[in-house]
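Observations on the three-dimensional arrangement
What follows is the residue order along each chain.
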Amino acid sequence: MSDYTEAIFERKLIDLRDSQKEIQSLSQYCVHNRQHCKSVVKVWYKNIKTTAVTRKLTAMYLANDVVQNSKKRGPEYAQEFGMVMRKVFEHLAVMDFNDKTIMSLVRLIGIWQERQIFDKKILHEISKIWDQKHKNSGAAKVPGLDSESPKKRRESSGSGTERRKSREIAEIEDLLDASMQASETSDAQEETLTLSPRQGGSPGSGDPPEPEELIQALQDLENSASSDAIVREKIAKLPPEVSEVARIESLQSVAEAKVLNGQVEEASTLLDDYNLRLQEELKDRKKVGSMISEFLSAQKDLLAQAEERLELYLDKLDKIHGVKDELKSHIAALPDIPVLPASTGLAPLPSAGDLFTH
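If you're wondering where the values come from, they're calculated on a predicted model, not measured in any experiment.

The residue Val 41 is located in helix α3 (residues 37-50) in this model. The exposure class of Val 41 is buried, given its relative accessible area of 3%. Linking Val 41 and Met 83, residues 42 residues apart in sequence, is a C-alpha distance of 9.6 Å. When residues no more than four places from it in sequence are discounted, the contact partners of Val 41 are Tyr 77, Glu 80, Phe 81 and Val 84.

So, in structure tokens, the structure goes:
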């Protein structure tokens, strides 16, 4: 998958066709480069404001697919897209869409409401904008999520026009169902997921390291050049002649000069090798420093997610306790119905004659 730049992503948006395969492929590209989520949303917002009316729905489908497929990796895209969605729908509300596009956007908003993709306030605002701008169109009212998928409607429809739809358009309509199913599967597996800072990639790519990787990197630094006592001792024991130019003047013979030259070359080789090792160590330490920074940032995010989840479950637990107490109170208020004796049956009903003789 190619590296991210705004120019590359902008070109991909321009070349994006109305097909499920291409939308999902570009969505994976965005999720893979989620460390650039602010830039991705900025370029996407610029594109949807300037692209042709017939291509705006495709851009919305792309945003939906990116947000839903990145949920388990982090809330970055939901937050970034959420901040621009009000302006997006204010822009879309003045567009002259056909009924099919309007219904597709209605269904999109319905899915977001059902799955709570964005903040409740944002969902309320975009729903209000859409209802207000199209209140005279029965197709544009945002109801609860339609339980019948576009695929089922196409199968049950007898319209010749529907049957003649192109394959690409049919795939596009199924995108919402696909993203909905993916989101439900992710939620179903959420309880068994292990909170991990790694979302794919490698250290330095924007993804934090696993604890084991960080520990190993720190242990490797223990064997670094600055910790090599043997080489440092050799350097400390080098004769002063190899570093003092003035000593050359005291040489008395060629033999002494050759001896000193050998010592200088040996010292030079030793120092060159040690300096290279120190440079590598410096790079490793910078890398470890970056890993620690990424790890700490990820742990803060995971802590916030865990606290949010804990608060949610505590709220659920309080509701369960409330129902339990209410149930106990209701059972205690029920009347105590005595059990009829098993030995004596019910008294026989009087006959018609008995009723008229008394």
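That shown, we press on.
This paragraph deals with helix α4 (residues 53-69). For α4, with 17 residues, the first-to-last C-alpha span of 26 Å sits near the 24 Å given by 1.5 Å per residue. The buried fraction of α4 is high, at 13 of 17 residues.

This part is about the packing of aromatic side chains. In total, this model carries eight aromatic pairs according to the counting rule given. Ring geometry for Phe 9 against Tyr 29: centres 6.3 Å apart, planes inclined by 20°, an arrangement best described as stacked. Residue Phe 9 is located in helix α1 (residues 6-15), and its partner Tyr 29 is located in helix α2 (residues 20-32); the two are separated by 20 residues in the primary sequence. The class for Tyr 29 is buried, based on a relative accessible area of 4%. Here Phe 89 and Trp 112 contribute two aromatic rings whose centre-to-centre distance is 6.1 Å and whose plane-to-plane angle is 80°, an arrangement assigned as edge-to-face. Highlighted residues: Phe 89 in helix α5 (residues 76-92) and Trp 112 in helix α6 (residues 99-115), separated in sequence by 23 residues. Here the two residues Phe 89 and Trp 112 agree in accessibility, since each one is buried.

Positionally, Val 288 belongs in helix α13 (residues 254-333). Val 288 sits in the buried class, given a relative accessible area of 6%. Setting aside anything within four residues of it in sequence, one finds Val 288 in contact with Ala 217, Leu 218 and Leu 221.

Assignment of secondary structure puts Thr 51 in the loop between α3 and α4. Among the polar contacts listed, one links the side chain of Thr 51 to the side chain of Arg 55, at a separation of 3.5 Å.

Time to look at a nonpolar patch on the surface. Nonpolar side chains collect at one region of the surface, where Leu 310, Leu 314, Leu 317 and Ile 320 lie side by side and expose about 370 Å² of accessible area between them. Assignment of secondary structure puts Leu 310 in helix α13.

Here we come to the packing of α1 against α2. In contact at an axis separation of 11 Å, α1 and α2 are set at 165° when each is read in the N-to-C sense. The pairing of α1 with α2 is recorded here as roughly antiparallel in orientation. With respect to the hand of their crossing, α1 and α2 are arranged in left-handed fashion. For the pair formed by α1 and α2, the contact residues are Ile 8, Phe 9, Lys 12, Leu 13 and Asp 15 on the first element and Glu 22, Leu 26, Tyr 29 and Cys 30 on the second. Considering only residue class, the contact of α1 with α2 consists of six nonpolar, no polar and three charged.

Rules and cut-offs
Residues numbered from 1 in each chain as written. Predicted model: local features only at pLDDT ≥ 70, side-chain atom pairs only at ≥ 80, totals over all residues. Heavy atoms only, no water. Helix = DSSP H or I, 4+ residues; strand = E, 2+ residues; numbered from the N terminus. Buried < 20%, exposed > 50% of the residue type's maximum accessible area, 1.4 Å probe, protein only. Contact = heavy atoms within 4.5 Å. Expected span 1.5 Å × (residues − 1). Phe/Tyr/Trp six-rings, centres within 6.5 Å; stacked < 30°, edge-to-face > 60°. Polar contact = N/O pair within 3.5 Å; in protein donor to acceptor, adjacent residues only side chain to side chain. Patch = residues over 30% accessible without salt bridge, like charges linked within 9 Å, V, L, I, M, F, W, Y side chains within 5 Å. Areas by Shrake-Rupley, 256 points an atom, 1.4 Å probe, with all protein chains shown as cover. Salt bridge = Lys/Arg side-chain N within 4 Å of Asp/Glu carboxyl O. Axes fitted to C-alpha atoms, helices over the stretch in contact; angles between N-to-C directions. Parallel < 35°, antiparallel > 145°, perpendicular 65-115°, else oblique. Left-handed = near helix turned anticlockwise from the far one by under 90°. Nonpolar A, V, L, I, M, F, W, Y, C, P; charged D, E, K, R; others polar.

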